[in-house]
Amino acid sequence: MSKNYLFSLTITPIQSFIAQAKTTKDFYSGSQIISNLIQELLKQFPCKDDIIFPASNSIISNKIIARIAIEKQEELIEKLQKTMKAFLPLKALCNGMELKSKSPELQQLENVFQLFYSSVEITGYKESYFEVEKNLSIIKNMRLFNQISSKNICYVCGERESFCQDKNEKNRCTVCYTKSRYESESYLSTAGIASLYYRQKLDNTLYERYKENFYHFDEALLYEENLKEDYLKKHHHLNNKNIEEIKKQLQSLSKEKPTKQYVLINFDGDNIGKILSNGLDNIGKILSNGLDNIELETFHREFSTKLSTFSQAVNKIISDEKGRVIYSGGDDFLCFVTPYYLNEVLDQIKESFENNVNTYQEKISYSIAITISHYKAPLHKIIENSRALLKATKAKYSSKSKLIKGGIGIEVYSSSSLLAKFIGDYNEFTLLKQFDGKKINLYSLEQLFSFAKSDMQYSEYLLIINMIKLELKRFLGRREIGFSDDEVAKIQQLLIAQVNRNYSIDLDNFFGFFKTVEQLSKDNNE
Ligand SMILES: [Zn+2]
């Protein structure tokens, strides 16, 4: 019998490759490229049943784990390397790019991804799993970064030399150029996501007629602020020359105006690495000694199937009318949602995670970063900030033993700046919903709490936290806010827990809560 090896493989970059985007088109294409590449890599494995992770090839997983017979290993590695190297050049050629052999343009495309793998003979599944994982993390840390010193740097990734110009005459490297030309299914611009709900209610004939005013229509043209001569000259050739006439036509489409905001949701299951290496007991507690050999492999196969079921559910929940999924990796996903459906989508995601992954008594937690942004804010900044918010949320709810408890962060952006930020646990987050439709006078709130400060002695702290309790009760009890006594007591308790952590007061987050309430209650079509 031939010897069996445990084979673990990862490619980089994934997250940062997807995040290198100036437009939603780049963003979708980046994710599509990774997804298609991983599918191609999975096809190279001799037997599908040998693959433990991922359980389905429709998800973007940065980890592939499989059993492989020793005599097939060399051939497999060669195939994987070849597939990866040829992947982007083939896509570029299909898009009509000319690539001379050994040219720097071609090399850029060939070298963008790096493949790391480790394989060890399976003596026991558990030991082998630990060993390949350890090897892989060492190899990944040794990878080399090429710093280039060219004046002509790509404006999208900012790291490779530019050889091409996109349709806006901006310099791009061949990789980012391929992104801009990549065929991605049904992507939408940020204005397209923001206006989704508004567009669903339009009369189709009138809408089509409106679009005919322009040679190049995009959803930004549903906002009157863009119907200006210089804007139209730059982006959209006019069929109909009379702008006033077009404005009237837009106004007659609907009495309502489209909201200017879209939402980016960044979801990540907590402690997944730890869960995979140790396994869970019957009630879902992470085992301190870990599972034994056979059980760990069975657990991996089961857990892998759960994650891929959840991933498929995410794709269904975020249907075309609600938003777009950028990528879905089983234990994490990134998606756009139009604000109207945000609460509904969050509820369904929570339910689906409970039903598909969290089938244990002891719950596996997750962290979410929700970024609500004006459609004109620079997309790459929003992507960057969303990742930072997820990190901050995880850090806030991380214990000394480095286990993360799960939380939700929310940020609201105008076209140019951050308007509100709040990080809370699941209960505190549902508080935001309780404030739905309530008018909060932020100015008077800040006046009321002007005595409070974050930095103080313990005795001062006790005094101040009591004053906050009292003032908060009075403030929430105001008739114009309209909470019942019961509600006031509950909300007061939660908000006090929120400001009051380890004998220090987090006032930024406290006011951040009310700023977020204020932002969420605004009509965002002004
Ligand atoms: Zn680039």
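Going by the structure above, here's the rest.
Keep in mind that this is a model prediction, so the values were computed, not measured.

Thresholds, definitions, all that
- Residues numbered from 1 in each chain as written.
- Predicted model: local features only at pLDDT ≥ 70, side-chain atom pairs only at ≥ 80, totals over all residues.
- Heavy atoms only, no water.
- Helix = DSSP H or I, 4+ residues; strand = E, 2+ residues; numbered from the N terminus.
- Buried < 20%, exposed > 50% of the residue type's maximum accessible area, 1.4 Å probe, protein only.
- Contact = heavy atoms within 4.5 Å.
- Areas by Shrake-Rupley, 256 points an atom, 1.4 Å probe, with all protein chains shown as cover.
- Lys, Arg positive; Asp, Glu negative; His and termini not counted.
- Charge placed at Lys NZ, Arg CZ, Asp CG, Glu CD.
- Salt bridge = Lys/Arg side-chain N within 4 Å of Asp/Glu carboxyl O.
- 1 Å grid on protein atoms, 1.4 Å probe; cavity = no way out; pocket = protein on both sides within 12 Å on 5 of 7 lines; lining within 4 Å.
- Points joined across faces, edges and corners; volume = space filled by probe spheres on them.
- Core = buried A, V, L, I, M, F, W, Y, C linked by side-chain atoms within 4.5 Å.
- Patch = residues over 30% accessible without salt bridge, like charges linked within 9 Å, V, L, I, M, F, W, Y side chains within 5 Å.
- Pairing = 2+ DSSP bridges.
- Right-handed = clockwise from strand over helix to strand, strands pointing away.
- Donors = N, O, S within 2.8 Å, 3.2 Å for Na, K, Ca; no water.
- Tetrahedral: all angles 85-135°; square planar, octahedral: opposite > 155°, others 65-115°.
- Phe/Tyr/Trp six-rings, centres within 6.5 Å; stacked < 30°, edge-to-face > 60°.
- Lys NZ or Arg CZ within 6 Å of the ring centre and 35° of its normal.
- Axes fitted to C-alpha atoms, helices over the stretch in contact; angles between N-to-C directions.

**Looking at the overall build of the protein**
Here is step 1 of the chain: A tally of helices and strands in the protein yields 20 helices and 14 strands.
Here is step 2 of the chain: Summarising its shape, the C-alpha atoms of the protein cover approximately 80 × 70 × 45 Å along the three principal directions.
Here is step 3 of the chain: Relative to its full complement of 526 residues, the protein shows a buried share of 50%.
Here is step 4 of the chain: Restricting the contact set of the protein to residue pairs at least 6 apart, pairs at least 24 apart contribute 68%.
Here is step 5 of the chain: Accessible surface for the protein amounts to roughly 26700 Å². Of this, 47% is attributable to carbon and sulfur atoms.
Here is step 6 of the chain: Each charge class in the protein can be summarised by its mean position, and for the 70 positive and 67 negative side chains these summaries are 3 Å apart.

**Looking at the pattern of salt bridges**
Here is step 1 of the chain: Going through the model one piece at a time under the given rule, you end up with 22 salt bridges.
Here is step 2 of the chain: In this structure, Glu256 and Lys201 form a salt bridge, with 3.0 Å as the shortest nitrogen-oxygen distance. Here Glu256, found in the loop between helix H11 (243-253) and strand S7 (261-269), pairs with Lys201, found in the loop between helix H8 (196-200) and helix H9 (204-211); they are 55 residues apart in sequence, far enough to count as distant.
Here is step 3 of the chain: Overall, Glu256 belongs to the partly exposed group, its relative accessible area being 46%.
Here is step 4 of the chain: Connected via shared salt-bridge partners are Asp26, Asp166 and Arg172.

**Remarks on the layout of surface pockets**
Here is step 1 of the chain: Quantified by volume, the second largest pocket comes out at close to 1500 Å³.
Here is step 2 of the chain: The wall of the second largest pocket is formed by 35 residues, among which Thr23, Lys167, Asn168, Asp218 and His235 lie closest to the centre.
Here is step 3 of the chain: Of all the secondary-structure elements, those providing two or more residues to the lining of the second largest pocket are helix H2 (24-43), helix H6 (174-181), helix H7 (190-194), helix H10 (229-235) and helix H15 (379-396).

**A short note on the nonpolar core**
Here is step 1 of the chain: Counting 78 residues, the largest nonpolar core has Ile265, Phe303, Ile370, Phe435 and Phe514 as its most contacted members.
Here is step 2 of the chain: Once you skip the residues sitting within four places of it in the chain, Ile265 turns out to touch Phe333, Leu334, Cys335, Val337, Leu342, Val345, Leu346, Ile368 and Ala369.
Here is step 3 of the chain: Judged by nonpolar contacts, the second largest core, of 65 residues, contains Phe45, Ile64, Leu88 and Val175.

**Looking at a nonpolar patch on the surface**
Here is step 1 of the chain: A grouping of Tyr458, Leu462 and Tyr503 is seen on the molecular surface, where their side chains present a nonpolar patch of about 350 Å² in accessible area.
Here is step 2 of the chain: Residue placement: Tyr503 occurs in the loop between strand S13 (500-501) and strand S14 (504-505).
Here is step 3 of the chain: Look at Tyr503 and you get exposed, because its relative accessible area is 57%.

**Section: the side chain of Ser162**
Here is step 1 of the chain: Turning to its location among the elements, Ser162 is positioned in the loop between helix H5 (125-141) and strand S5 (164-165).
Here is step 2 of the chain: When its relative accessible area of 6% is taken as the criterion, Ser162 is described as buried.
Here is step 3 of the chain: Setting aside residues no more than four positions away along its own chain, Ser162 makes contact with Asn152, Ile153, Cys154, Asn171, Arg172 and Cys173.

**Focus on the pairing of strand S11 (residues 408-413)**
Here is step 1 of the chain: Burial analysis of S11 places 6 of its 6 residues in the buried class, the great majority of the element.
Here is step 2 of the chain: For strand S10 (residues 366-374) and S11, the ladder comprises 6 bridges, and the chain directions are parallel. By the bridge assignment for S11, Ile372 is matched with Val412.
Here is step 3 of the chain: As a crossover connection, the stretch from S10 through H15 into S11 is left-handed.

**Concerning the coordination of the zinc ion**
Here is step 1 of the chain: Protein coordination at the zinc ion: the donors are Cys154 (SG), Cys157 (SG), Cys173 (SG) and Cys176 (SG), at 2.3 to 2.4 Å from the metal.
Here is step 2 of the chain: Viewed at the metal, the 4 donor atoms of the zinc ion are separated by angles of 101 to 115 degrees, and the geometry they form is tetrahedral.
Here is step 3 of the chain: Taken in sequence order, the residues that donate to the zinc ion follow the motif C-x2-C-x15-C-x2-C.
Here is step 4 of the chain: For Cys157, a relative accessible area of 13% translates into the label buried.

**A short note on the packing of aromatic side chains**
Here is step 1 of the chain: One pass over the structure, following the stated rule, counts 34 aromatic pairs.
Here is step 2 of the chain: Between Tyr28 and Tyr187, the ring centres sit 5.9 Å apart and the planes meet at 55 degrees, which makes this aromatic pair tilted. Residue Tyr28 is located in helix H2, and its partner Tyr187 is located in the loop between H6 and H7; the two are separated by 159 residues in the primary sequence.
Here is step 3 of the chain: Of the aromatic side chains, those joined through ring pairs into one cluster are Phe422, Phe435, Phe475, Phe483, Phe510, Phe511, Phe513 and Phe514.
Here is step 4 of the chain: Seen from the ring of Tyr341, Lys322 lies directly overhead, with NZ or CZ sitting 5.7 Å from the centre.
Here is step 5 of the chain: The aromatic ring of Phe483 is capped on one face by Lys438, whose charged end is 4.6 Å from the ring centroid.

**Notes on the sheet that holds S7**
Here is step 1 of the chain: One open sheet holds the 6 strands; their spatial order is S8-S9-S7-S10-S11-S12, and the pairing between them is mixed. With one partner strand each, in any of the chains shown, strand S8 (323-328) and strand S12 (418-424) form the two edges of the open sheet. Within the sheet, the average angular offset between the axes of one strand and its neighbour, ignoring direction, is 10 degrees.
Here is step 2 of the chain: The pairing of S11 with S12 spans 6 bridges and is antiparallel. Bridging from a neighbouring strand, Gly409 pairs with Ile423 of S12.

**Some details on the sheet that holds strand S4 (residues 114-121)**
Here is step 1 of the chain: Spatial strand order, S2-S3-S1-S4: 4 strands in an open sheet with antiparallel pairing. Edge strands, defined here as strands with exactly one partner in the open sheet, are strand S2 (51-53) and S4. Averaged over all pairs of adjacent strands, the angle between their axes in this sheet comes to 25 degrees, without regard to strand direction.
Here is step 2 of the chain: Across 6 bridges, the pairing between strand S1 (residues 4-12) and strand S3 (residues 64-69) is antiparallel. In the sheet register, Asn4 faces S3, and the bridge partner there is Ala69.
Here is step 3 of the chain: The sheet strands contacting H5 are S1, S2, S3 and S4, and the helix crosses S4 at an angle near 150 degrees.

**A word on unusual backbone geometry**
Here is step 1 of the chain: The amide bond that connects Thr12 to the next residue, Pro13, takes the cis arrangement and shows omega of -5 degrees.
Here is step 2 of the chain: Tracing the backbone shows Pro13 in the loop between S1 and helix H1 (15-19).
Here is step 3 of the chain: Note the cis peptide between Phe53 and Pro54, where omega equals -10 degrees.
Here is step 4 of the chain: Even without being a glycine, Lys102 presents a positive backbone phi close to 65 degrees.
Here is step 5 of the chain: Considering the arrangement of structural elements, one finds Lys102 in the loop between helix H3 (70-94) and helix H4 (104-111).

Honestly, that's just the spatial picture; any functional story needs more than this.
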